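Structural features, examined
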Amino acid sequence: MNLNTIHNIYFVGIGGIGMSALARYFHSNNYNVAGYDKVMSPVTTGLSELGIAIFFDDAIDVIPNEFLDKENSIIVYTPAVPSDHSQLMHFKNKQFKIYKRAEILGEITKNTYCFAVAGTHGKTTTSTILGHILKETGVNATSFLGGISENYNSNLILGGDDISVVEADEFDRSFLQLSPNMACITSMDADHLDIYGASDALEQSFQEFATKVSDTLFVKKGLPLSGITYGIEEGADYNAQNIAIKDGTYFFDVKTPSEIVKNIELNLSGRHNVLNTVVALAMANQYGVTLPAIAKALKSFKGIKRRFNFKIKTEELVLIDDYAHHPTEINAVAEAVRELYPTKKVMAIFQPHLFSRTQDFIDDFARSLAKFDELMLLDIYPAREAPIEGVTSGWLLSKVNLTNKKLLNKADLMTEVPKSQATIIVMIGAGDIGELVDPLTKKLLEKTI
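Residues numbered from 1 in each chain as written. Predicted model: local features only at pLDDT ≥ 70, side-chain atom pairs only at ≥ 80, totals over all residues. Heavy atoms only, no water.

1. Structural notes on the packing of aromatic side chains
Enumeration according to the criterion identifies 14 aromatic pairs in this entry. Here the aromatic rings of Phe-175 and Phe-206 are separated by 5.2 Å at their centres, their planes lie at 90°, and the arrangement is edge-to-face. A residue pair is termed long-range when its members are at least 10 positions apart, and Phe-175 in the loop between strand S9 (163-168) and strand S10 (182-185) and Phe-206 in helix H7 (residues 199-211) qualify at 31 residues. Both residues of the pair, Phe-175 and Phe-206, belong to the buried class. Geometry around Tyr-77 places Lys-92 over its ring, the cationic atom sitting 5.9 Å from the centre. Across the ring face of Phe-310, the terminal group of Lys-313 is positioned such that the distance to the ring centre comes to 4.3 Å. (Phe/Tyr/Trp six-rings, centres within 6.5 Å; stacked < 30°, edge-to-face > 60°. Helix = DSSP H or I, 4+ residues; strand = E, 2+ residues; numbered from the N terminus. Buried < 20%, exposed > 50% of the residue type's maximum accessible area, 1.4 Å probe, protein only. Lys NZ or Arg CZ within 6 Å of the ring centre and 35° of its normal.)

2. Looking at the layout of surface pockets
Remark: the empty space left among the atoms is shown by a probe the size of a water molecule rolled over them. The computed volume of the second largest pocket comes to approximately 400 Å³. Breaking the lining of the second largest pocket down by element, the ones donating at least two residues are strand S13 (238-246), strand S16 (309-313) and helix H10 (327-340). The element contributing the most residues to the lining of the second largest pocket is S16, with three residues. The class makeup of the residues in the lining of the second largest pocket is seven nonpolar, seven polar and eight charged. (1 Å grid on protein atoms, 1.4 Å probe; cavity = no way out; pocket = protein on both sides within 12 Å on 5 of 7 lines; lining within 4 Å. Points joined across faces, edges and corners; volume = space filled by probe spheres on them. Nonpolar A, V, L, I, M, F, W, Y, C, P; charged D, E, K, R; others polar.)

3. Description of the pattern of salt bridges
Considering all chains together, one arrives at 16 salt bridges under this definition. A salt bridge links Asp-169 to Arg-101, with the nearest nitrogen and oxygen atoms 3.9 Å apart. Within this pair, whereas Asp-169 is found in the loop between S9 and S10, its partner Arg-101 is found in helix H4 (residues 101-110), the two being separated by 68 residues in sequence. On the basis of relative accessibility, which here comes to 19%, the residue Arg-101 falls in the buried class. Arg-306 is the partner of Asp-321 in a salt bridge, and the nearest nitrogen-oxygen pair spans 2.9 Å. With a gap of 15 residues between them, Asp-321 in strand S17 (residues 318-322) and Arg-306 in the loop between helix H9 (291-299) and S16 connect regions that are remote in the sequence. Residue class for Asp-321 comes out buried when judged on its relative accessible area of 4%. (Salt bridge = Lys/Arg side-chain N within 4 Å of Asp/Glu carboxyl O.)

4. Here's the deal with the packing of helix H1 (residues 17-28) against helix H2 (residues 42-49)
At a closest axis distance of 11 Å, the pairing of H1 and H2 adopts a crossing angle of 10°. Viewed along their axes, H1 and H2 adopt a mutual orientation that is roughly parallel. Residues Ile-17, Ser-20, Ala-23 and Arg-24 of H1 touch H2, and the partners they reach there are Val-43, Gly-46 and Leu-47. Partitioned by chemical class, the residues of the contact of H1 with H2 number four nonpolar, two polar and one charged. (Axes fitted to C-alpha atoms, helices over the stretch in contact; angles between N-to-C directions. Parallel < 35°, antiparallel > 145°, perpendicular 65-115°, else oblique. Contact = heavy atoms within 4.5 Å.)

5. Notes on the environment of Lys-246
Assignment of secondary structure puts Lys-246 in strand S13. In this structure the C-alpha to C-alpha distance between Lys-246 and Leu-375, which are 129 residues apart in sequence, comes to 28 Å.

6. Examining the side chain of Ser-20
Structurally, Ser-20 can be placed in helix H1. For Ser-20, the side chain forms a polar contact with the main-chain oxygen of Ile-17, separated by 3.1 Å. With near-sequence residues (within four places) excluded, Ser-20 lies in contact with Ile-14, Val-43, Leu-47 and Asn-155. (Polar contact = N/O pair within 3.5 Å; in protein donor to acceptor, adjacent residues only side chain to side chain.)

7. Remarks on the sheet that holds strand S4 (residues 73-77)
Each strand in a sheet pairs with its neighbour through backbone hydrogen bonds, running either in the same direction (parallel) or in the opposite one (antiparallel). With parallel pairing, the five strands of this open sheet are ordered in space as S3-S2-S1-S4-S5. Looking at which strands have only one partner, the edges of the open sheet turn out to be strand S3 (53-55) and strand S5 (97-100). Neighbour-to-neighbour, the strand axes of the sheet open up by a mean angle of 20°, direction not taken into account. Where H1 meets the sheet, its contacts fall on strand S1 (8-12), strand S2 (32-36) and S4, and the angle it forms with S1 comes to roughly 165°. Across the sheet, H4 is in contact with S4 and S5; its angle to S5 comes to roughly 90°. (Pairing = 2+ DSSP bridges.)

8. What to know about the pairing of S1
In terms of burial, S1 is largely enclosed, as five of its five residues are buried. The side-chain alternation of S1 yields two buried faces, one formed by Asn-8, Tyr-10 and Val-12 and the other by Ile-9 and Phe-11. As paired elements, S1 and S2 share five bridges and run parallel to each other. Within S2, the residue paired with Val-12 across the bridge is Tyr-36. The parallel pair S1 and S2, bridged by H1, forms a crossover whose chirality is right-handed. (Right-handed = clockwise from strand over helix to strand, strands pointing away.)

9. Digging into the sheet that holds S16
Spatially, the six strands line up as an open sheet ordered S16-S17-S21-S18-S19-S20, and their pairing is mixed. Here the strands that pair on one side only, and so sit at the sheet edges, are S16 and strand S20 (405-407). Between one strand axis and the next, the sheet turns through 15° on average, direction left out of account. Both strand S19 (residues 374-377) and S20 contribute to a ladder of three bridges, which runs parallel. Considered in S20, the bridge of Met-376 is made with Lys-406.

10. So, H1
Compared with the 16 Å implied by 1.5 Å per residue over twelve residues, the 17 Å span of H1 between its first and last C-alpha is a close match. Within H1, nine of the twelve residues are buried, which leaves it mostly tucked inside the rest of the structure. Regarding H1, the residues found buried are Gly-18, Met-19, Ser-20, Ala-21, Leu-22, Ala-23, Arg-24, Tyr-25 and Phe-26. Downstream of H1 by one or two residues, Asn-30 has phi in the positive range, about 70°. (Expected span 1.5 Å × (residues − 1).)

Right, dumping it as structure tokens:
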């Protein structure tokens, strides 16, 4: 693959969060970019506003002629697109140069100093914090993010061509395509068992990723890997301590192998985000950024959309939106909410993501959802999967040890949620539940007026 000889890049599934970051990157570097996606979304609208042509019909005849020039074009696709997709099949039959998103990202990292953030949880927040630190402290990096940064209103922090920050995604073993110089591994909980089959195979894949890191590897203390460790009050090489919360803001110190930085200010909720911040700090510090400069950059970090975002925050009512879709992530959300609002009644609205994940972790999901006072459960979002017999939200609901629980369809959400006595509402899930957040916010605000 030689990207320097290519003029046209067509993305099949351009609205995906990782795909759209690449589309923005190539568009900013004067490539001719276009693509297909199934539905219009805020992401595709943002790309269209840049002048990128996007088609929502998978017919061949909508593709502009220049992208049908096999010699000067490449096709990038995401595994979320079905293999019988008309455009993708056409490109395969005509023997175009076709690459997965991970292969393109891997090619970019070969030619840069690459910071890679791996782990089953925390990748997006950690990489976005790191990208922000580097940007604010004058390190000219380009960061490819798995979420929309509130600071930049984008999933791409554009910088130079010599340094990159990327999420190292374990799904489909994509992270083995990367060439990381410095990396971290935040967690290795079982996930994506539809791909790996067993947790041992997933762990082995992380071990293989670790061997690809050429300079420095940071690992969450307690993981079965060798590297510089980080943690919270557990004697790690980079160790957060003296944590305090004031008006929803975290304050803490970080002890490094050589010094201590005191009173770091973080405007994110949850101890899991303190962990994410510590390893982003560690990576930037190891690269040569001073601790005072890092602390100053962190004060201006605003977070990521759909990562514990406050949509309503009043004395009477709080609505939080979060992308959590694995039991460990739901536990982290529940703990963060309880830490902030220990005496309030909390309702979770959850949309399970994938039939296979629901089946693999059904009991863990039931335990994590039981940590809330009330549950409204939506149908499973299938994403790339066909249904699995017997795997339903009703099955999950039956296992949740809560008195106040209900199965709802999306249409009934707007009428049922306002009836609740809960004053803290958390919307969680990685599917299209995000599209319901703004309408529900509006409905709840009308109720409080």
